[in-house]
Amino acid sequence: MSFSTLSFIFAFLPMSLLLYLIVPKVLKKFILILISLIFYAWGDISNLLYLVIASLFIYMTGLELDVCFKEQKQKEKRIIFFGSVALIIGMLAFFKYAGFMSMPIGVSFFTFSLISYLADVYMKKAEVEHNIINYLLYVTYFPKLISGPIVQYHTFRKSLDSMQMTKIKFAHGCQQFILGLVKKVLIADVISKAFSSMSSIHSMSVLGSWLMVIFYALQLYFDFSGYSDMAIGLSYMFGMPMEDNFNEPYASQSISDFWRRWHISLGHFFRDYVYIPLGGNRCSTMRQIFNLTVVWLLTGIWHGNTICFLVWGLYHGFFIILEKFVYGKGLKKLHVFWRVIYTDFLVFIGWIFFFSPSIHKALDTIAHLFGHGVNGFTDTAFFYYFTSYFIVLLFAVLLCIPKIRELYRKSTYGDSVVTTYLSGLLYLGAFVLCLAYIVSSTYSSFLYFKF
């Protein structure tokens with residue numbers, strides 16, 4: 001079930017909130033688990049059993065680890081931990097790469113939740129959870145279940161005891177949910193039509209090729225950050241705060257900075273459970289390069305089962321290594337404008353591997369950007385799509401600029417009654433506009449559902 005559908009907004013969500021609100025406190029966690037399982041079954045009932053079995057397996061594994069800790073069985077502890085992680089990663093690889101059966105929705109994300117729980121217990125970041133209700137709520141919690149954010153277990157567990165629905169949290173959650181809906185419905189879904197049409201054109205100009213790549217970059221950002229905003233907003237509505245998953249990534253000043261701002265929870269996962277355990281920065285230069293290469297190899301593999309995703313991951317790792325060991329100090333001496341241009345240029349080129357069906361097609365598209373094998377510098381297709389989508393394109397670009405968003409915050413949030421009411425009216429108007437667009441358009445799922 002998608003957050004941006006009428007059935008979710010007007011049926012599932014209000015019924016879930018009402019049920020959660022009226023049940024006694026002792027049953028609230030259980031009700032949230034039930035709601036989450038219904039949410040998952042609505043979109044993929046055939047694989048619900050796998051979600052439940054995998055979750056219970058890791059729960060039992062955690063209890064076994066606890067026994068090993070108490071009895072100081074170090075060898076058995078390592079065997080249980082690494083064997084269990086290998087098994088669930090093997091199941092993830094089977095679903096993603098076998099190709100002859102349907103992949104469970106959100107399998108990458110809930111697998112990472114299982115790994116986070118087990119790793120936090122193994123690394124002593126959190127105590128083993130004997131209360132199966134608390135554990136199952138972490139694994140199945142519907143706002144993050146399908147496409148993240150990837151909330152680490154020790155973070156979730158600390159917030160769980162103070163989980164309480166309040167007026168302030170609910171109001172903040174509604175605002176963030178509407179912001180995400182605007183990103184998804186009014187920007188990402190509109191731009192996706194332009195990208196889809198342009199990508200089917202056999203021969204384009206240089207400017208047309210660049211416009212197509214920019215369309216995809218904006219579509220991906222507003223689609224995924226829109227989902228994250230909606231997920232975080234929903235969690236706030238139920239009284240569970242979540243950290244932001246995106247922080248104006250297209251204003252980044254290096255590739256390293258970009259990955260501190262883009263899909264933040266994924267970066268933290270690989271940092272805490274792969275990079276640091278491998279040695280992180282506290283080792284030789286060659287070892288650091290090896291550690292970074294492993295992280296970015298895994299990042300590419302996690303996103304998809306084609307060579308293009310592998311190349312995309314190593315591509316980002318390559319420039320992060322260069323920034324760290326070759327020209328990072330020189331990059332910092334450039335004006336901030338040129339650092340942003342440098343970063344976005346490399347990121348946008350990288351997205352070509354992300355959306356291309358093959359390496360050959362990706363290299364062809366890159367060649368087109370620089371004038372090889374194209375239909376001139378500009379053409380009628382470029383002017384048509386640029387003028388037709390100029391308003392939404394301009395709006396999308398403005399929302400990527402920190403100064404614009406800062407100005408918006410100052411003008412809509414304040415101590416005065418006037419700004420409070422204006423802010424409320426603005427969100428209400430945006431919500432109505434989104435609903436109008438949803439009613440008049442065909443269903444469009446989130447891009448990251450396939451990961």
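Residues numbered from 1 in each chain as written. Predicted model: local features only at pLDDT ≥ 70, side-chain atom pairs only at ≥ 80, totals over all residues. Heavy atoms only, no water.

Peer 1: Is there a simple way to think about the overall build of the chain in this case?
Peer 2: The secondary structure content of the chain amounts to 20 helices and zero strands. Taken over C-alpha atoms, the radius of gyration comes to 23 Å for the chain, in line with the 22 Å a tight globule of 451 residues would show. Here the C-alpha coordinates of the chain stretch approximately 70 × 60 × 45 Å along the principal axes. Out of the 451 residues belonging to the chain, those deemed buried represent 54%. Looking at the chain alone, contacts between residues at least 24 apart form 74% of all its contacts between residues at least 6 apart. (Helix = DSSP H or I, 4+ residues; strand = E, 2+ residues; numbered from the N terminus. Rg over C-alpha atoms; globule rule 2.2 N^0.38 Å. Buried < 20%, exposed > 50% of the residue type's maximum accessible area, 1.4 Å probe, protein only. Contact = heavy atoms within 4.5 Å.)

Peer 1: Where do I start with the domain arrangement of the chain in this structure?
Peer 2: How big an interface is tends to be expressed through the accessible area that disappears when the partners come together. Considered domain by domain, the chain is made up of domain 1 (6-163) and domain 2 (168-440). For domain 1 and domain 2, the distance between their C-alpha centroids amounts to 27 Å. Contact residues are listed per partner, giving 37 residues for domain 1 and 33 residues for domain 2. A buried area of about 2900 Å², summed over both sides, lies between domain 1 and domain 2, and 75% of it is on carbon and sulfur atoms. Taken as a group, Tyr97, Phe112 and Pro149 account for 18% of the area that domain 1 buries against domain 2, more than any other trio of residues on that side. Between the two partners, domain 1 and domain 2, sit zero salt bridges. For the pair domain 1 and domain 2, the number of links is nine residue pairs in polar contact (both at pLDDT 80 or more). (Domains from an automatic or database assignment. Buried area = accessible area lost by both parts, 1.4 Å probe. Salt bridge = Lys/Arg side-chain N within 4 Å of Asp/Glu carboxyl O. Polar contact = N/O pair within 3.5 Å; in protein donor to acceptor, adjacent residues only side chain to side chain.)

Peer 1: How do you make sense of the packing of helix α6 (residues 132-140) against helix α8 (residues 153-160) when you look at a structure like this?
Peer 2: If you want to describe how two helices pack, look at the angle between their axes and the distance between the axes. As a packed pair, α6 and α8 sit with axes 11 Å apart at the nearest point and diverge in direction by 120 degrees. By the angle class used here, α6 and α8 are oblique. Seen along the crossing, α6 lies across α8 with a hand that is right-handed. Between α6 and α8, the contacting residues are Asn134, Leu137 and Tyr138 on the first element and Tyr153, Phe156, Arg157 and Leu160 on the second. Taken together, the residues of the contact of α6 with α8 sort by class into five nonpolar, one polar and one charged. (Axes fitted to C-alpha atoms, helices over the stretch in contact; angles between N-to-C directions. Parallel < 35°, antiparallel > 145°, perpendicular 65-115°, else oblique. Left-handed = near helix turned anticlockwise from the far one by under 90°. Nonpolar A, V, L, I, M, F, W, Y, C, P; charged D, E, K, R; others polar.)

Peer 1: Teacher, can you tell me more about a nonpolar patch on the surface here?
Peer 2: Judged by side-chain polarity, Phe386, Phe390, Ile391, Leu394, Val397, Leu398, Ile401 and Ile404 come together as a nonpolar surface patch covering roughly 630 Å² of accessible area. With five residues, the top contributor of residues to the nonpolar patch is helix α18 (residues 390-399). Relative to the helices and strands, Val397 is located in helix α18. Here Val397 falls in the partly exposed class, since its relative accessible area comes to 38%. (Patch = residues over 30% accessible without salt bridge, like charges linked within 9 Å, V, L, I, M, F, W, Y side chains within 5 Å. Areas by Shrake-Rupley, 256 points an atom, 1.4 Å probe, with all protein chains shown as cover.)

Peer 1: Where do I start with helix α2 (residues 28-44) in this structure?
Peer 2: Residues spaced three or four apart along an α-helix face the same direction, because each turn holds 3.6 residues. Under the 1.5 Å per step criterion, the end-to-end length of α2 is 24 Å for 17 residues, consistent within 8% with the ideal 24 Å. Taken together, the buried positions of α2 are occupied by Lys28, Ile31, Leu32, Ile33, Ile35, Ser36, Phe39, Tyr40, Ala41 and Asp44. (Expected span 1.5 Å × (residues − 1).)

Peer 1: Is there a simple way to think about unusual backbone geometry in this case?
Peer 2: Glycine aside, residues mostly have negative phi, and peptide bonds are mostly found in the trans state. Here the amide bond leading from Gly148 into Pro149 is cis, since omega sits at 5 degrees, within 30 degrees of zero. For Pro149, the location among the structural elements is in the loop between α7 (142-145) and α8. Phi at Gln72 is positive, roughly 55 degrees, even though this residue is not glycine. Position of Gln72 among the secondary structure elements: in the loop between α3 (48-71) and α4 (74-97).

Peer 1: Can you help me understand the packing of helix α5 (residues 107-122) against α6 in this one?
Peer 2: Two elements in contact, α5 and α6, have axes separated by 9 Å at closest approach and are oriented at 140 degrees. Judged by the angle between their axes, α5 and α6 are oblique. Counting all contacts with α5, which are made through Ser113, Leu114, Ser116 and Tyr117, the residues of α6 involved are Tyr135, Tyr138 and Val139. Taken together, the residues of the contact of α5 with α6 sort by class into five nonpolar, two polar and no charged.

Peer 1: Could you clarify how one ought to interpret the state of the cysteines in this entry?
Peer 2: Two cysteines whose sulfur atoms are joined by a covalent bond form what is called a disulfide. For the structure on display, the rule yields zero disulfides. Lacking any disulfide linkage, Cys434 is separated from the closest cysteine sulfur, that of Cys174, by 14 Å. (Disulfide = S-S within 2.5 Å.)

Peer 1: Which parts of the structure should I look at to understand the side chain of Lys144?
Peer 2: Relative to the helices and strands, Lys144 is located in helix α7. Of the side chains bearing the opposite charge, Asp120 lies closest to the buried Lys144, which forms no salt bridge; the N-O distance is 11 Å. In terms of polar contacts, Lys144 uses its side chain to reach the side chain of Ser113, at 3.1 Å. Those residues in contact with Lys144 that lie beyond four places of it in its chain are Ser113, Tyr138, Val139, Pro149, Val151 and Met242. (Lys, Arg positive; Asp, Glu negative; His and termini not counted.)

Peer 1: Explain helix α12 (residues 264-278) here, please?
Peer 2: In this model, α12 (15 residues) spans 20 Å end to end at C-alpha, consistent with the 21 Å of a helix rising 1.5 Å per residue. Inspection of α12 places Ile264, Ser265, Leu266, Phe269, Phe270, Asp272, Tyr273, Val274 and Tyr275 among the buried residues, and these make up the whole buried set.

Peer 1: What is the right way to look at the packing of aromatic side chains in this model?
Peer 2: The geometry of an aromatic ring pair comes down to the distance between the two centres and the angle between the two planes. Summed over all chains, the structure comprises 68 aromatic pairs. When the centroid spacing of 4.8 Å and the interplanar angle of 15 degrees are considered together, the rings of Phe3 and Tyr227 count as stacked. Pair noted here: Phe3 is in the segment before α1 (6-22) and Tyr227 is in helix α10 (residues 206-237), with a separation of 224 residues, a long-range link. For the pair Phe3 and Tyr227, one class covers both residues: buried. Their ring planes at 65 degrees and their centres at 5.7 Å tell us that Phe94 and Phe95 sit as a pair that is edge-to-face. Phe95 gets classed as buried once you look at its relative accessible area, which sits at 6%. The ring of Tyr122 has Lys77 sitting right over it, with the charged end atom 5.3 Å from the ring centre. (Phe/Tyr/Trp six-rings, centres within 6.5 Å; stacked < 30°, edge-to-face > 60°. Lys NZ or Arg CZ within 6 Å of the ring centre and 35° of its normal.)

Peer 1: Would you mind showing me how to read the environment of Asp189 here?
Peer 2: As for its placement among the helices and strands, Asp189 is situated in helix α9 (residues 167-199). Judged by its relative accessible area of 10%, Asp189 falls in the buried class. Sequence separation of Asp189 and Ser356 is 167 residues, and the distance between their C-alpha atoms is 19 Å.

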